[in-house]
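Here is how the chains run, residue by residue.
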Amino acid sequence: MFIAQGFKKENSFASYLFGSFLLFVAANIGSIPLVMVTAIYSHYSGRPMPTGMDGFATYFDSNLYLALMLLSFVFVLGALFLILKKSHNQNMLSITTSRPKVDWSRVLFSFTIWAVFLIISVTVAYFLSPNEYVLNFKPIPFLILVVVALLLIPIQTSVEELVFRGYLMQGFGNLAGNKWFPLLMTTLIFGGMHYWNPEVSRVGNLIMLEYLVVGLFLGIITLMDEGLELALGFHAANNIFGALLITADWTAFQTDSVLKSVSEPTYGLTDVLLLFITYPVLLYIFSKRYNWTNWKEKLTGKITANSTSNSI
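Residues numbered from 1 in each chain as written. Predicted model: local features only at pLDDT ≥ 70, side-chain atom pairs only at ≥ 80, totals over all residues. Heavy atoms only, no water.

## Remarks on the nonpolar core
- Core analysis: the biggest nonpolar cluster contains 85 residues, and L80, F217, I221 and Y279 have the highest contact counts within it.
- Looking at this core element by element, the count peaks at 14 residues for helix α6 (residues 139–176).
- Every residue in contact with I221, bar those within four places of it in the chain, is listed here: G227, L230, A231, L283, F286 and W292. (Core = buried A, V, L, I, M, F, W, Y, C linked by side-chain atoms within 4.5 Å. Buried < 20%, exposed > 50% of the residue type's maximum accessible area, 1.4 Å probe, protein only. Helix = DSSP H or I, 4+ residues; strand = E, 2+ residues; numbered from the N terminus. Contact = heavy atoms within 4.5 Å.)

The following block contains the structure:
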C-alpha cells in the first residue's frame, strides 16, 4: 500500500523530523531572492521595506511577487529529492503513488472536475452579486500571470502534496503503525500552516475550518486511492484557477486576475454548509469512478512492513 512504502527500519521518526527541518531551511533559502529583490526595490524607490507577508504581496508588481514567492518551492523540491535519496533510500515515486508510474489520467480527471467547479462557482457568484466585483482584466499582465501560474503553481501545489500527503504521511505512519494518526496529523499541520494567511486575520478563525476540511479531504483521497494523483490534480486546479479568476486585497494570492472582489470579507454558516456538501460530493464522484471499497481499513487500519497494495 502507498503509506507502507516508507515503512522501513532505517526510516526512524527522528530522520523524518530532521528531514522536515531541512525542508524548512530550504524554504527559507528559497525566499532569499524575494527578500533581495524587495531590498533592491526599496533602495531605489525610497520606500521602506514591508514588515509582513501581506506587505510583500503589494510592494511591487504582483506577477513578479508571485514568481519570486513560488520560487522557494523549487528549492524545497530539490531538498526533498536529496533527503529521500540520502536519508531514506527512497525516490520521488515512492512518496507519490503505489502504482508502477504516476497515473496522469487521474491527475487530469481531478484537475478538470475542480477547475470546472471553480469556473462555474465564480461565474454564478459574479452574476448573482455583480456589485461585489470589479473587472480586473488587463491583457498583458494577465498573460504574464497565466505563464507564471502554469509554470510555477503546479510546482508549489505538488511540493505541498509531496511533503504533506507523501513524506509526512509516511513518516507519521512509521511512528504510529496505523493510518488514522497520519491522516489526523497531516490534516492538523496542513491546516495550521495556513493560520498565518491574511484571510484568517480579515475573515476570522472560522475560515480555518475550510483549511482543515480541505486537508482532511486530500488525506482521504490519498489513502483511498493509494497515491497522490487525485490530490495533485485538485490542488493544482484550486490554486491555478484561484489565481487566474479572482483576487482581493485580503487574500494570500493577490494577482492580475480576471475579477477582483471589493466586498467586505465574511465567512459564515452558508460557507460552512457548502463546505460539508462540496467535499462529500467529490468523495462520492471519486469513489464511484475508481471503485473504492474497504474504507475503514484504508483510513484507520494498521501498517506493517509486509503490507501490500489493496485493490484500487
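Next, the rest of the story.
## As for α6
- The first and last C-alpha atoms of α6 sit 52 Å apart over 38 residues, in line with the 56 Å expected at 1.5 Å per residue.
- A bend of about 35° at A149 is the largest found in α6.
- Positive backbone phi, at 75°, marks G177, one or two positions downstream of α6. (Expected span 1.5 Å × (residues − 1). Bend = angle between axes of the 7 residues up to and from the residue.)

## Topic: the packing of aromatic side chains
- Counted according to the given criterion, the structure contains 21 aromatic pairs.
- Between Y126 and F127, the aromatic rings sit 5.4 Å apart at their centres with planes inclined by 75°, giving edge-to-face as the arrangement.
- Given the relative accessible area of 26%, Y126 is considered partly exposed.
- Between the aromatic rings of W180 and F181, the centroid separation amounts to 5.9 Å while the plane-to-plane angle is 90°, which identifies the pairing as edge-to-face.
- When its relative accessible area of 43% is taken as the criterion, W180 is described as partly exposed.
- Among the aromatic side chains, those forming a connected cluster through ring pairs are F109, W114, F117, F217, F234, Y279, F286, Y290, W292 and W295. (Phe/Tyr/Trp six-rings, centres within 6.5 Å; stacked < 30°, edge-to-face > 60°.)

## So, helix α7 (residues 180–193)
- Taking 1.5 Å per residue as the helical rise, α7 with its 14 residues ought to reach 20 Å, and the 20 Å between its terminal C-alpha atoms agrees with that figure.
- By the burial criterion, the buried members of α7 are P182, L183, T186, T187, F190 and G191. Along the long axis of α7, the arc covered by the buried residues comes to 150°, so they all point the same way.
- Buried-residue contacts for α7 involve α6, α9 (208–225), α10 (229–245) and α12 (295–300). (Arc of directions from axis to C-beta.)

## Considering the sheet that holds strand β3 (residues 259–261)
- The sheet built from three strands is open, its strands ordered β1-β3-β2 with mixed pairing. Two strands close off the open sheet at either side, each with one partner strand: β1 (133–135) and β2 (246–247).
- Pairing geometry for β2 and β3, over two bridges, is parallel. Residue T247 lies in a different strand from β3, and its bridge partner there is K260. (Pairing = 2+ DSSP bridges.)

## Section: the pattern of salt bridges
- All told, the structure shown has nine salt bridges when counted by the stated rule.
- Among the ionic pairs, D225 bridges to R99, the shortest N-O distance being 3.2 Å. In this pair, D225 is assigned in helix α9 and R99 in the loop between α4 (62–87) and α5 (104–128), connecting sequence segments 126 residues apart. The residues D225 and R99 share a single accessibility class, namely buried.
- One network of salt bridges, with partners in common, ties together R99, D103, R106, D225 and E229. (Salt bridge = Lys/Arg side-chain N within 4 Å of Asp/Glu carboxyl O.)

## Remarks on the side chain of S62
- Within the secondary structure, S62 is located in helix α4.
- Exposure remark for S62: the relative accessible area of 14% places this residue in the buried category.
- At a separation of 2.9 Å, a polar atom in the side chain of S62 contacts the side chain of D256.
- Contacts of S62, omitting those with residues within four sequence positions, involve Q254, T255 and D256. (Polar contact = N/O pair within 3.5 Å; in protein donor to acceptor, adjacent residues only side chain to side chain.)

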